[in-house]
Amino acid sequence: MATRNRYMQIALQILVVLLLVAVGVAAGWLLYTTRDAPERSDREAVGPLVETMTAQREDVAVVVNGHGTVEPRVQAALVPQVGGRVVAVHDQLAAGGFVEAGETIIEIEAEDYQLALDRAATDLAAAQAAEETAEAQIAEAQATLADAERELQRTTQLLQRNAANERDVERAQLAVDLAEAGLRQARSSLSTAQSQASAARVAMQRAEVDLRRTSITLPFDAVVVEEQVSVGQFVTAGQSLGRVYGTEAVEIAVPLDDREVGWLAEMPMAMSRNNGAQRAQLGSAGIDGSGATPVVMAEVTGEFFGRYCEWRGRVVRTEGQMDRQSRMVSVVVRVENPFEEVEVGAVPLMPGAFVQVAMQGRGLEGVIAVPRYAIHGENRVWVADDEGRLRVREVVVVRRERDRVFISEGVSQGEQVILSPIGAVTEGMRVRVIASDNEADAPAADQEAPDVAQ
């Protein structure tokens, strides 16, 4: 009986559940069939939010940028022209030392060269004395010849009057011949004495030069790079004793693409031999602002000893050939007086430094400058029109720089150039514009959007 009651309870529970499910389904169906249909409305498409800049035409002075290593314009080796023992060296003859023009850097023992000079002076005095003696002998021989010639003439006249005989005439003629021979000998002696005196003068000049060369000096202010000599050392002619460089000017060879060279305002290039007037521009005095050729100024910058430094220079020439590997042309920039202190604690522009160089370039008139990342592909930009639609424009790019591109045609004054990247671009798509010309807030260049399909 208990088992039967338990089965009846289970059946009753199942029946209640089925009843509840049936009621729920019926209620849902009733609600679905009696609901009101929702009203339909068209939503306006919303384009992406973009930042723009207003296109402004302006005149731009192009700056050609490059970099290079500073090299001294003048370098020299300390090489003696005479040999001997070193008796003195300059106290600044050490790496980094400064030597003024005309100061004795190295002094070689001069005793032997002084003796050679004294000996040459003695030889010259003897040769000059012999020259004077020969001149006196010539004068005496000339007087003797004149007397003999007068005697010959007198004897000839006496012979014509029968006051002398042929023998007297012969004796007078012999005297003339002897006088002429004496004159010739005297003149030969003078020529020999003159040759000896000339040789003695050359020897004396050589001895004077050798004596001066015992003191090694420089015609320019210089900084010592290295030294290889000390007091007491015996040196020979031609031996390298050290290296220095001049402080008057330094030069920087800046490798540039040939297209960049063409942007320089004025450029002294290699030219034919016949063009002497232009060839003179290649010299140190050729581009000094005083002639018809403008000076191409350059700004040299670098960070040294923890500070930012600037120097002013000028372009003086291009090197005579292109690099065979890179096909670059090196433009030489010269900085005058790089060691001159313009202010207390100023940093000199030392050789070996790696610097940046900004050179004066040609001007561009009426161009629009846009960030480099605003250019898509080779020559396309995106413009937002007055209706908030994106337009793709083909533009004429006249110059590209690292951060900017200059456009001459394709965008009008006052148009809104889109700076923001857009994932998918179609012509005429709607965009929402943020009116701002602040490029600092624009997206980074590495976020450039894909180009629109043409």
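Residues numbered from 1 in each chain as written. Predicted model: local features only at pLDDT ≥ 70, side-chain atom pairs only at ≥ 80, totals over all residues. Heavy atoms only, no water.

## Some points on the nonpolar core
Formed by 32 residues in total, the largest nonpolar core has its most connected members in Ile252, Val300, Val333, Leu349, Val355, Val357 and Met359. Sorting the residues of this core by element identifies β2 (57-72), β11 (249-256), β12 (297-304), β13 (307-322), β14 (329-336) and β15 (354-371) as the ones contributing at least two each. Looking at which element gives the most residues to this core, the answer is β15, with six residues. (Core = buried A, V, L, I, M, F, W, Y, C linked by side-chain atoms within 4.5 Å. Buried < 20%, exposed > 50% of the residue type's maximum accessible area, 1.4 Å probe, protein only. Helix = DSSP H or I, 4+ residues; strand = E, 2+ residues; numbered from the N terminus.)

## Topic: a nonpolar patch on the surface
Among the surface-exposed residues, Leu12, Leu15, Val16 and Leu20 lie close enough to one another that they form a single nonpolar patch of about 410 Å² accessible area. Along the chain, the position of Leu20 falls in helix α1 (residues 2-34). Classification of Leu20 by relative accessible area gives exposed; the value is 58%. (Patch = residues over 30% accessible without salt bridge, like charges linked within 9 Å, V, L, I, M, F, W, Y side chains within 5 Å. Areas by Shrake-Rupley, 256 points an atom, 1.4 Å probe, with all protein chains shown as cover. Salt bridge = Lys/Arg side-chain N within 4 Å of Asp/Glu carboxyl O.)

## Quick notes on the pattern of salt bridges
One pass over the structure, following the stated rule, counts 17 salt bridges. The partner of Arg85 in a salt bridge is Glu109, with the nearest N and O atoms 3.2 Å apart. Taken together, the residues Arg85 in strand β4 (residues 84-89) and Glu109 in the loop between β6 (106-108) and α2 (111-160) connect sequence positions 24 residues apart. The class of Arg85 is partly exposed, set by a relative accessible area of 36%. The residue Glu427 makes a salt bridge to Arg391 at a minimum N-O spacing of 3.6 Å. Here the residue Glu427 occupies a position in the loop between β20 (416-418) and β21 (432-435), and Arg391 occupies one in strand β17 (residues 390-394), the gap between them amounting to 36 residues. Residue Glu427 is classed as partly exposed on the basis of its relative accessible area of 46%. Taking relative accessible area as the criterion, Arg391 reaches 27% and is therefore assigned partly exposed. If you follow the salt bridges from partner to partner, you end up with Arg73, Glu251, Arg317 and Arg334 in one network.

## Considerations on the environment of Val425
Note that Val425 resides in the loop between β20 and β21. By relative accessible area, which is 12% here, Val425 ends up buried. Spatially, the C-alpha atom of Val425 lies 9.7 Å from that of Arg391, the residues being 34 residues apart in sequence.

## A word on the packing of aromatic side chains
As enumerated under the stated definition, the model contains two aromatic pairs in all. When the ring of Tyr245 is compared with that of Phe339, the centres are 6.2 Å apart and the planes differ by 40°; the resulting orientation is tilted. Here the residue Tyr245 occupies a position in strand β10 (residues 242-246), and Phe339 occupies one in the loop between β14 and β15, the gap between them amounting to 94 residues. The class for Phe339 is partly exposed, based on a relative accessible area of 27%. Summarising the aromatic geometry, the rings of Phe304 and Trp311 are spaced 5.8 Å apart at their centres and angled 55° between planes, so their arrangement reads as tilted. Look at Trp311 and you get buried, because its relative accessible area is 10%. The ring of Trp263 has Arg399 lying over it, and the distance from NZ or CZ to the ring centre is 5.2 Å. (Phe/Tyr/Trp six-rings, centres within 6.5 Å; stacked < 30°, edge-to-face > 60°. Lys NZ or Arg CZ within 6 Å of the ring centre and 35° of its normal.)

## Thoughts on the sheet that holds β10
Backbone-to-backbone hydrogen bonds pair the strands of a sheet. The strands run either parallel or antiparallel. What the four strands build is an open sheet, ordered β3-β10-β8-β5; its pairing is antiparallel. Every interior strand has two partners, whereas the edge strands, β3 (75-77) and β5 (98-99), have only one. (Pairing = 2+ DSSP bridges.)

## Concerning the side chain of Thr247
Secondary-structure assignment places Thr247 in the loop between β10 and β11. Beyond its immediate chain neighbours, meaning those up to four positions away, Thr247 contacts Phe98, Asp221, Ala222, Val223, Asn337, Pro338 and Phe339. (Contact = heavy atoms within 4.5 Å.)

## Let's talk about helix α3 (residues 166-212)
Helix length check: α3, at 47 residues, gives a terminal C-alpha distance of 69 Å against a target of 69 Å (1.5 Å per residue), a fit within 8%. Every buried residue of α3 is listed here: Val169, Ala172, Val176, Ala179, Leu183, Ala186, Leu190, Ala193, Ala197, Ala200, Ala207 and Asp210. In the core, the buried residues of α3 are packed alongside α2. The residue sitting at the N-terminus of α3 and contributing the capping side-chain oxygen is Asn165; that oxygen lies 3.2 Å from the backbone nitrogen of Arg167. (Expected span 1.5 Å × (residues − 1). Polar contact = N/O pair within 3.5 Å; in protein donor to acceptor, adjacent residues only side chain to side chain.)

## Quick notes on the pairing of β14
Counted residue by residue, β14 has seven buried out of eight residues, so it is predominantly covered. One ladder, built from eight bridges, connects β11 with β14; its direction is antiparallel. If you follow Val250 over to β14, its bridge partner there is Val335. Note that β13 and β14 share five bridges and pair antiparallel. Across the sheet, Met322 pairs through a bridge with Val329, a residue of β14.

## Some details on the environment of Arg307
Along the chain, Arg307 falls in strand β13. Overall, Arg307 belongs to the partly exposed group, its relative accessible area being 38%. Spatially, the C-alpha atom of Arg307 lies 8.8 Å from that of Val347, the residues being 40 residues apart in sequence.

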